[in-house]
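Each chain is listed here by its residues.
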There are 2 protein chains.
Amino acid sequence: MTPKFHAMVQALKVLPGVGPKTAARMAIELIERKPEAGLKLAGALQTGITEIQHCRICRSYADEEVCTICTDPKRDESMLCVVESVSDVMAIEDSGGFRGRYFVLGGHLSPLDGIGMEQIGLPQLFELVKNNQALSELIIATNATVEGQATAHFIQQRVRQIALAEVLSLKVSRLAQGVPMGGELEYIDGLTLSQALKDRFEAK
Amino acid sequence: MTPKFHAMVQALKVLPGVGPKTAARMAIELIERKPEAGLKLAGALQTGITEIQHCRICRSYADEEVCTICTDPKRDESMLCVVESVSDVMAIEDSGGFRGRYFVLGGHLSPLDGIGMEQIGLPQLFELVKNNQALSELIIATNATVEGQATAHFIQQRVRQIALAEVLSLKVSRLAQGVPMGGELEYIDGLTLSQALKDRFEAK
């Protein structure tokens, strides 16, 4: 193929889940039918990648030094939700079930990969817990994977120690585990099902 | 979300098959793990969309006025393969089964949508057939859809008339139809199967 088209297809293959066929289809679609949108995409990528930074307070994405959630006075300062990644922030925001603030770890503890406390910003989180007098609940919402749960457990222990030492009245909570909404029992794994049975609640 | 990130996600949604979740995942992947590749992508899109043109001879993509296939002296000038789109050229090139040249229609006849002979470059194709003395075979490789087959039939009729009028010895051929390689009979549609039975050949 012509070199510039080839370059375009190769470049599109960097996107997750995009193989050579899909990349070629995308390139043709942009050239043939959506040239303006394609140029806009080029600009948005350029701007986004060079200018988006991590919020100084919560480590989520921000256009300025501090993100829109951290500067929003309408958010509940007394609740802080700890998540692994920015996409988790988006998922929780989309659910509409939370009006507090976030702290983004940017991963989970993984000593074998050299990812320790520093790498996931725990010193910063602990400072935040110590110095934020308004904080009354820390919700640890890491992934329900082995690594996510181990990270949650570690944070939970340390925050409890800090709360004791600093005489803070701080509640530490975790996401409920159980059967997902709309889930059919026969397709749910045994671990989840036995957990849901164990944590059953009295019907009202 | 932060405006620049939002703009990036919205812009990525223009790609075919990319919804809001995938777009967000792509944006995060580029920002977190592949910023350089992302900037390269932005550049390749910009260059590709503004600079790729249609080859003056075959209507495929070209960096210059004429594409690399039309200028390649090693390609067999006696065979011309008519396809609907640039992606068909790529598919045939990838198959390695053809060393001639191409003509890209850029669609199929569709009078109800206002797509007639002019829109798919048929006058240009017929000129090519008339004036190219080296041409000995025209392979019509439009899609095996109703529209593709109707377009093929139309081209076939007109090229036969031209060959008669101009006293050209030109063979017009179509792609073989039948059972695809690796295809399991029970999953093949009835039309294809009955065609394959009708066109059965003697085993050697």
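Residues numbered from 1 in each chain as written. Chains lettered and ligands numbered in written order. Predicted model: local features only at pLDDT ≥ 70, side-chain atom pairs only at ≥ 80, totals over all residues. Heavy atoms only, no water.

Draft legend 1. Quick look at the overall build of chain A. When its secondary structure is counted, chain A shows eight helices and six strands. Against the 2.2 N^0.38 benchmark of 17 Å for 204 residues, chain A shows a C-alpha radius of gyration of 22 Å, more extended than a compact globule. Projected onto its principal axes, the C-alpha positions of chain A cover 65 × 45 × 40 Å. Here chain A, with 204 residues, has 41% of them falling under the buried criterion. At a minimum sequence separation of 6, the contacts of chain A that also span at least 24 residues come to 47%. Of the roughly 11,700 Å² that chain A leaves accessible, carbon and sulfur atoms contribute 54%. (Helix = DSSP H or I, 4+ residues; strand = E, 2+ residues; numbered from the N terminus. Rg over C-alpha atoms; globule rule 2.2 N^0.38 Å. Buried < 20%, exposed > 50% of the residue type's maximum accessible area, 1.4 Å probe, protein only. Contact = heavy atoms within 4.5 Å. Areas by Shrake-Rupley, 256 points an atom, 1.4 Å probe, with all protein chains shown as cover.)

Draft legend 2. Layout of empty space enclosed by the protein. In total, this model carries one cavity of 30 Å³ or more according to the counting rule given. Roughly 50 Å³ of internal volume is contained in the largest cavity. In terms of lining, the largest cavity is formed by A:S60, A:Y61, A:C67, A:T68, A:I69, A:V89, B:M1 and B:T2. Partitioned by chemical class, the residues of the lining of the largest cavity number five nonpolar, three polar and no charged. (1 Å grid on protein atoms, 1.4 Å probe; cavity = no way out; pocket = protein on both sides within 12 Å on 5 of 7 lines; lining within 4 Å. Points joined across faces, edges and corners; volume = space filled by probe spheres on them. Nonpolar A, V, L, I, M, F, W, Y, C, P; charged D, E, K, R; others polar.)

Draft legend 3. Here's a closer look at the relation of the copies chain A and chain B. Mapping chain A onto chain B calls for a screw motion: a turn of 180° about the axis and a shift of 0.0 Å along it, with 0.1 Å RMSD after fitting. Classification of the inter-copy transformation places it as that of a two-fold axis. Considering only C-alpha atoms, the part of chain A nearest the rotation axis is A:A42, at 2.1 Å. Looking at chain A, 100% of its interface residues are interface residues in chain B too, so the copies touch through the same face. (Least-squares fit on C-alpha atoms with pLDDT ≥ 70 in both.)

Draft legend 4. Region of interest: the side chain of B:R59. Residues and elements named next belong to chain B. Along the chain, R59 falls in the loop between β1 (53-54) and β2 (61-62). Look at R59: it is buried, it has no salt bridge, and the nearest opposite charge is E118 at 7.9 Å. Looking at R59, its side chain comes within polar contact range of the main-chain oxygen of V104, at 3.0 Å. Within polar-contact distance, the side chain of R59 engages the backbone oxygen of L105 at 2.7 Å. If we ignore the near neighbours within four places in the chain, the residues touching R59 are H54, F103, V104, L105, Q119, I120, G121 and Q124. (Lys, Arg positive; Asp, Glu negative; His and termini not counted. Salt bridge = Lys/Arg side-chain N within 4 Å of Asp/Glu carboxyl O. Polar contact = N/O pair within 3.5 Å; in protein donor to acceptor, adjacent residues only side chain to side chain.)

Draft legend 5. Geometry of the packing of aromatic side chains. Under the counting rule described, the total for this entry stands at four aromatic pairs over all chains. Seen from their ring centres, A:F5 and B:Y61 are 5.0 Å apart, and the 50° between their planes marks the pair as tilted. In this pair, A:F5 is assigned in helix α1 (residues 3-12) and B:Y61 in strand β2, connecting two distinct chains. No difference in accessibility class separates A:F5 from B:Y61, as the two residues are buried. Both rings, one in B:F98 and one in B:Y102, keep their centres 5.3 Å apart while their planes meet at 65°; by these two values the pair is edge-to-face. Here B:F98 and B:Y102 have matching classes, each one buried. (Phe/Tyr/Trp six-rings, centres within 6.5 Å; stacked < 30°, edge-to-face > 60°.)

Draft legend 6. Here's a closer look at the side chain of B:T2. As for its position among the elements, B:T2 is in the segment before α1 (3-12). Look at B:T2 and you get buried, because its relative accessible area is 2%. Every residue in contact with B:T2, bar those within four places of it in the chain, is listed here: A:Y61, A:A62, A:D63 and A:T68.

Draft legend 7. Examining the packing of helix α3 (residues 35-51) of chain A against α1(B) more closely. At a minimum axis distance of 9 Å, the contact between α3(A) and α1(B) shows a crossing angle of 145°. The crossing of α3(A) and α1(B) is left-handed. Contact with α3(A), carried on its side by A:K40, A:L41, A:A44, A:L45, A:T47, A:G48, A:I49 and A:E51, involves B:K4, B:A7, B:M8, B:A11 and B:L12 of α1(B) and no other residues of that element. (Axes fitted to C-alpha atoms, helices over the stretch in contact; angles between N-to-C directions. Left-handed = near helix turned anticlockwise from the far one by under 90°.)

Draft legend 8. The sheet that holds strand β6 (residues 171-174) of chain B, seen in detail. Residues and elements named next belong to chain B. Within the open sheet, the four strands sit side by side as β4-β3-β5-β6. Their pairing is parallel. On the outer flanks of this sheet lie β4 (101-104) and β6, each paired with one strand and no other. Strand after strand, the sheet turns through a mean of 25° between neighbouring axes, direction not considered. Note: strand β3 (residues 79-83) against β4, four bridges, orientation parallel. The residue of β4 that forms the bridge with C81 is Y102. (Pairing = 2+ DSSP bridges.)

Draft legend 9. A look at the layout of surface pockets. Residue and element names in this part refer to chain B. A volume near 780 Å³ is recorded for the largest pocket. Looking at which element gives the most residues to the lining of the largest pocket, the answer is helix α2 (residues 20-32), with seven residues. Grouping the constituent residues of the lining of the largest pocket by class yields 13 nonpolar, eight polar and 10 charged.

Draft legend 10. Summary view of the interface of chain A and chain B. With 46 residues of chain A in contact, the opposing surface of chain B contributes 46 residues. Across the contact surface, chain A and chain B share two salt bridges. Where A:K4 meets B:E51, a salt bridge forms, and the shortest distance between an N and an O atom there is 2.8 Å. Run the count over chain A and chain B and you get 10 residue pairs in polar contact (both at pLDDT 80 or more). Those elements giving two or more residues to the side of chain A that touches chain B turn out to be α1, α2 (20-32), α3, β2 (61-62) and α5 (86-95) of chain A.

Draft legend 11. Molecular detail of the sheet that holds strand β4 (residues 101-104) of chain A. All names here are of chain A. Taken in spatial order, the four strands line up as β4-β3-β5-β6 in an open sheet, and their pairing is parallel. Of all the strands in the sheet, just β4 and β6 (171-174) have a single pairing partner and so form its edges. Pairwise comparison of adjacent strand axes, ignoring direction, gives a mean angle of 25° for this sheet. This element, α5, spans β3 (79-83) and β4 of the sheet and lies at about 155° to β4. Across the sheet, helix α7 (residues 146-166) is in contact with β3, β5 (137-140) and β6; its angle to β6 comes to roughly 170°.

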